[in-house]
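Here is what each chain is made of, one letter per residue.
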Amino acid sequence: MKIDIITLFPNMFTGFLNESIIGRAIKENKVEINTINLRDFTKEKHGHVDDTPFGGGAGMILMCQPVFDCINSIRTSDSMVIMMTPQGCQFKQSIAKELTLKNHLILLCGHYEGFDERIRSIVDLELSIGDYVLTGGEIPAMAITDSIVRLLDGVIEDDSHEYDSYSNWMLEHPQYTKPRNYNGLEVPEVLCNGNHKEIEKYKLKESLRRTYLRRPDLLENHKLSDEEKLILDGIIKEEKC
Ligand SMILES: C[S@@+](CC[C@H](N)C(=O)[O-])C[C@H]1O[C@@H](n2cnc3c(N)ncnc32)[C@H](O)[C@@H]1O
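Residues numbered from 1 in each chain as written. Predicted model: local features only at pLDDT ≥ 70, side-chain atom pairs only at ≥ 80, totals over all residues.

Digging into the pairing of strand β6 (residues 104–108)
(1) Moving on: Most of β6 sits out of view: 4 of its 5 residues are buried.
(2) Moving on: In the sheet, strand β1 (residues 2–7) pairs with β6 via 5 bridges, with the strands oriented parallel. Residue pairing for β6: I5 is matched across the bridge by L107.
(3) Moving on: Two strands pair when backbone bridges link them, and strand β5 (residues 79–90) and β6 are joined in this way by 5 bridges, in the parallel orientation. Pairing of I82 across the sheet is with L107, part of β6.
(4) Moving on: Read as a crossover between parallel neighbours, the route from β5 over helix α4 (residues 93–99) to β6 is right-handed. (Buried ≥ 20, exposed ≤ 12 C-beta atoms within 10 Å, placed from the backbone. Helix = DSSP H or I, 4+ residues; strand = E, 2+ residues; numbered from the N terminus. Pairing = 2+ DSSP bridges. Right-handed = clockwise from strand over helix to strand, strands pointing away.)

So this is what it looks like as C-alpha cells:
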C-alpha cells in the first residue's frame, strides 16, 4: 500500500513516520508513506495557497488551483482521495479495515478555515476523526494512517488486534501483567490457571461487561448470539446487585 499525505506542514510528520510501529513498517516495506508539500504546487506569487472567502468572513480558505494540480499529478485509477474534515463521516475501525484493501490512498490535510468547496468535487471520501475542530488535518491524517497501517499484513502480530476494541464490535476485555499481586491489587485467578477454555469465556464475558457499562450503544447496533445473550443477562443481574 502507498499513502500520500498532502500537507502544508510536512515537518509535522517527521517523528510519526520514523518512530515505533509505523517507522518499522516503512523500513520493512510493508507500506510506503510520502508527505507532499501543497505549497510546491501553487502558481501564486509568494507561494500563497489560500485566500479570503467570497461573501466575507473570518480566516483564509485553501484555493482550488494548488490542490487540483497536486491531486491530479499523483492520482491514478487505483487511488482513493480522502479529505480530512470535521464535516466528514466519522472514522471508525470498520472504515480502517476497509481502507487496508486499497492500493493507494491520498490524504488531503486542510488548514486555516478549510477548503474551497469546489475541491470536494475531486475527493472520493470525507473523513472526520470526531466532533471537534483541530487547527489542521495533519493529526487526523496521522490517526487515520496509524490505524490502517497497524492492520496491514505483517505489521503487528495478527492476534494483537484480534481482541482490540471495535475489531469485533465490542470493547476489549481488561488485561493484566506481572506481578500477580501489586500492593494488594490481584489479577483474576482465571487468567493465571492455564485453562484456555475458561480464559476465553472470561475474555468474552468481560468484553461484554465493558461494552454494556461503557458503550451500550454498541450493543444496540449488534445482533447478539444466543451465547452472548445468555452471558449478558448474567452480567445485567450481577451489575444490578
Ligand atoms: C480549523 S479546521 C476548519 C474547520 C472548518 N471551518 C469547519 O468548520 O468545518 C482546519 C482543517 O483541519 C482539519 N480538521 C479539523 N478538525 C478535524 C476533524 N475533527 N477531523 C478531520 N479533520 C479535521 C481539516 O482538514 C480542516 O480543513
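Having seen the model, we can carry on.
Comments concerning the sheet that holds strand β2 (residues 32–37)
Within a sheet, each strand pairs with its neighbour through backbone hydrogen bonds, oriented either parallel or antiparallel.
(1) Moving on: One open sheet accounts for 5 strands, arranged β2-β1-β6-β5-β7; its pairing is parallel. The sheet is open, and its two borders are formed by β2 and β7 (125–128), each paired with just one other strand. Between one strand axis and the next, the sheet turns through 30° on average, direction left out of account.
(2) Moving on: As judged from the 5 bridges shared by β5 and β7, these two strands associate in the parallel manner. Looking across to β7, one finds that C89 is bridged to L127. (Axes fitted to C-alpha atoms, helices over the stretch in contact; angles between N-to-C directions.)

Comments concerning the site of the ligand
(1) Moving on: In the neighbourhood of the ligand, 20 residues make up the surrounding shell, with M84, P86, G110, G137 and P140 lying closest.
(2) Moving on: It is β5 that contributes the most residues to the shell around the ligand, 4 residues altogether.
(3) Moving on: The class makeup of the residues in the shell around the ligand is 9 nonpolar, 10 polar and 1 charged. (Near = placed C-beta within 6 Å. Nonpolar A, V, L, I, M, F, W, Y, C, P; charged D, E, K, R; others polar.)

A word on unusual backbone geometry
Most peptide bonds take the trans configuration, and most residues that are not glycine carry a negative phi.
(1) Moving on: Residues K178 and P179 are joined by a peptide bond in cis, for which omega reads 0°.
(2) Moving on: Of note, P179 is situated in the loop between α5 (138–149) and β8 (181–182).
(3) Moving on: Its identity is not glycine, yet Y112 carries a phi of approximately 55°, on the positive side.
(4) Moving on: Secondary-structure assignment places Y112 in the loop between β6 and β7.
(5) Moving on: Classification of Y112 by C-beta neighbours within 10 Å gives partly exposed; the count is 15.
(6) Moving on: Backbone geometry at N183 places phi at a positive 50°, although glycine is not the residue there.
(7) Moving on: The topology assignment puts N183 in the loop between β8 and β9 (185–186).
(8) Moving on: Among the residues examined, N183 registers 5 C-beta atoms within 10 Å and is labelled exposed.

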